[in-house]
Amino acid sequence: MAGVAEAMIASMEKESVRMRAMRIHRLGPIKAGLPPLEEDFVPVPVPVAANLLVRIHACGVCHTEIDEIEGRTPPAALPMTPGHQVIGTVVEQGKACRLGLLNRRVGVAWIHSACGECRWCKNGRENLCPDFHACGRDAAGGYAEYMTVPEAFAHPIPDEIDDLEATPLLCAGAVGYRALRLCRLENGQDLGLTGFGASGHLVLQMAQHLYPDSRIFVFARSQTERRFAAQLGAHWTGDTADPPGTGLDAIIDTTPAWLPVLAAMEALAPGGRLVINAIRKESGDRDILASLDYDRHLWREKTLSTVANVTRQDVRKCLRLAVEIPLRPHVTAYPLEGANQALLELKQGHIQGAKVLQLL
């Protein structure tokens, strides 16, 4: 009860202090002429107990926000402030905070909190926790000037990485790192990447560093994305269903469609592994699954797995790896009020690297 009283008193004191936030008010398709977010002026949140108040510098724009807006992984409540690749400075903390993060630069990723008590949390698989709460879906996220987060789920950002470059590392990078681990790749084995957006261009650079003798094959519909992949050192680039000329040992699929799944399964070598790095798949081409052929797509011990969310360790290991490589994401910056434009471009497939909202 003391925590509730503390929150009520603090909220009343700060009710007149407001911030800008781009929020989801309704669910529906993202298309030109129908902005999915509205700019609101809302009270600055109050950090209680072991929570931090973060003044936001930048927030990445992710396809998961499209999945939220279009209802495939809807917000817990509306209106909701999306955004889960957040970089900012801790400007206030609750009385129970003990980690010394005040005035530090931190990042907030998709994992906003987990229970800490279930068998998945205790085994380091908090991404599978039944009480997993996602930033920007279950709790207000980073398309705003401020946000709160439990201090245990805030990640100190290395000085070597600037604000804009750090944002995609918190999701596209961290979840891509998890997908790469699930590939169980050995140095010298061939890796395929289907889709080449924010995550793909980071995974390519991670794989080059971790598996220097492995060849990387990139499948992408866009010629711009294929050229970008070639510039980053991809061994081969082609369209989604183009034959790569050899069976691949592992493929990571980051697309929202179903065709790449069948194409990737066909492109795998015997014993190959497909890892789908997408929180949801869209339904537009789902009928293509009716063409699944056991011999071509599944036989000879091919396996398929998915990436579900991300753990704190994934985020922190990705940040350390980014400093070691060094990994420098390619980003395009937009102002906070440009969030609708960034989402529309992402939906339309205008992708090269990562899109980031920058708050000045």
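Quick notes on the rules
- Residues numbered from 1 in each chain as written.
- Predicted model: local features only at pLDDT ≥ 70, side-chain atom pairs only at ≥ 80, totals over all residues.
- Heavy atoms only, no water.
- Pairing = 2+ DSSP bridges.
- Helix = DSSP H or I, 4+ residues; strand = E, 2+ residues; numbered from the N terminus.
- Axes fitted to C-alpha atoms, helices over the stretch in contact; angles between N-to-C directions.
- Buried < 20%, exposed > 50% of the residue type's maximum accessible area, 1.4 Å probe, protein only.
- Lys, Arg positive; Asp, Glu negative; His and termini not counted.
- Salt bridge = Lys/Arg side-chain N within 4 Å of Asp/Glu carboxyl O.
- Contact = heavy atoms within 4.5 Å.
- Core = buried A, V, L, I, M, F, W, Y, C linked by side-chain atoms within 4.5 Å.
- Phe/Tyr/Trp six-rings, centres within 6.5 Å; stacked < 30°, edge-to-face > 60°.
- Lys NZ or Arg CZ within 6 Å of the ring centre and 35° of its normal.
- Arc of directions from axis to C-beta.
- Polar contact = N/O pair within 3.5 Å; in protein donor to acceptor, adjacent residues only side chain to side chain.

Engineer: Tell me about the sheet that holds strand S13 (residues 248-253), and please be specific about residues and values.
Structural biologist: The strand order S12-S11-S10-S13-S14-S15 describes an open sheet built from six strands, whose pairing is parallel. The sheet terminates laterally at strand S12 (236-238) and strand S15 (303-306), the two strands that pair on one side only. Neighbour-to-neighbour, the strand axes of the sheet open up by a mean angle of 15°, direction not taken into account.

Engineer: Residues and numbers for the side chain of Arg273, please.
Structural biologist: With respect to the element layout, Arg273 can be found in strand S14 (residues 268-276). It is Asp249 that comes nearest to the buried, bridge-free Arg273 among opposite-charge side chains, at 5.6 Å. Discounting chain neighbours no more than four positions away, the residues touching Arg273 are Cys183, Arg184, Leu185, Gln189, Asp249, Ala250, Ile251, Leu268 and Thr303.

Engineer: Can you break down the nonpolar core residue by residue, with the values?
Structural biologist: Counting 83 residues, the largest nonpolar core has Tyr143, Leu191 and Leu193 as the members making the most contacts within it. Sorting elements by how many residues they give to this core places helix H5 (residues 172-182) first, with six residues. Core analysis: the second largest hydrophobic core is formed by 12 residues, Phe219, Val261, Ala264 and Ala267 among them.

Engineer: Before we move on, can you summarise the pattern of salt bridges with the specific residues and values?
Structural biologist: A full pass over the atoms with the stated rule returns 20 salt bridges. For Glu145, the salt bridge identified is with Arg20, shortest N-O distance 3.4 Å. Residue Glu145 is found in the loop between strand S7 (133-134) and strand S8 (146-150), and its partner Arg20 is found in strand S1 (residues 18-24); the two are separated by 125 residues along the sequence. What makes Glu145 partly exposed here is its relative accessible area of 23%. With a shortest N-O distance of 2.7 Å, Arg72 and Glu70 are connected by a salt bridge. Among the residues examined, Glu70 registers a relative accessible area of 19% and is labelled buried. Overlapping salt bridges, with partners in common, bring together Asp67, Glu70, Arg72, Glu282 and Lys347 in one network.

Engineer: Lay out unusual backbone geometry with the relevant residues and their values.
Structural biologist: Residue Leu78 is joined to Pro79 through a cis peptide bond whose omega torsion reads -5°. Here Pro79 is to be found in the loop between helix H2 (63-69) and strand S4 (86-93). Here the amide bond leading from Ile325 into Pro326 is cis, since omega sits at -10°, within 30 degrees of zero. By the secondary structure assignment, Pro326 is in the loop between helix H10 (312-324) and strand S16 (331-335). One non-glycine residue, Glu301, adopts positive backbone phi at about 60°. Note that Glu301 resides in the loop between helix H9 (294-298) and S15.

Engineer: Which residues make up the packing of aromatic side chains, and what are the values?
Structural biologist: Aromatic rings considered in pairs are described by the distance between their centres and by the relative angle of their planes. Using the criterion set out here, one finds three aromatic pairs in the structure. Put simply, the rings of Phe217, Phe219 and Trp236 pair up and form one aromatic cluster. The lysine or arginine in question, Arg312, covers the ring of Phe153, its NZ or CZ lying 4.0 Å from the ring centre.

Engineer: I'd like a rundown of helix H7 (residues 223-231), residues and numbers included.
Structural biologist: Within the sequence span of H7, burial applies to Glu225, Arg226, Phe228 and Ala229. Down the axis of H7, the buried side of the element spans an arc of 160°, and every buried residue falls inside it. Opposite the packed face of H7, turned more than 90 degrees from it, sit the exposed residues Gln223 and Gln231. Check the buried side of H7 and you find it contacts helix H6 (198-210), strand S11 (216-219) and S12. Between a side-chain oxygen at the N-terminus of H7 and the backbone nitrogen of Thr224 the separation is 3.1 Å; the capping residue is Ser222. Just downstream of H7 lies Gly233, where phi reads positive at about 105°.

The analysis is restricted to geometry; functional conclusions fall outside its scope.
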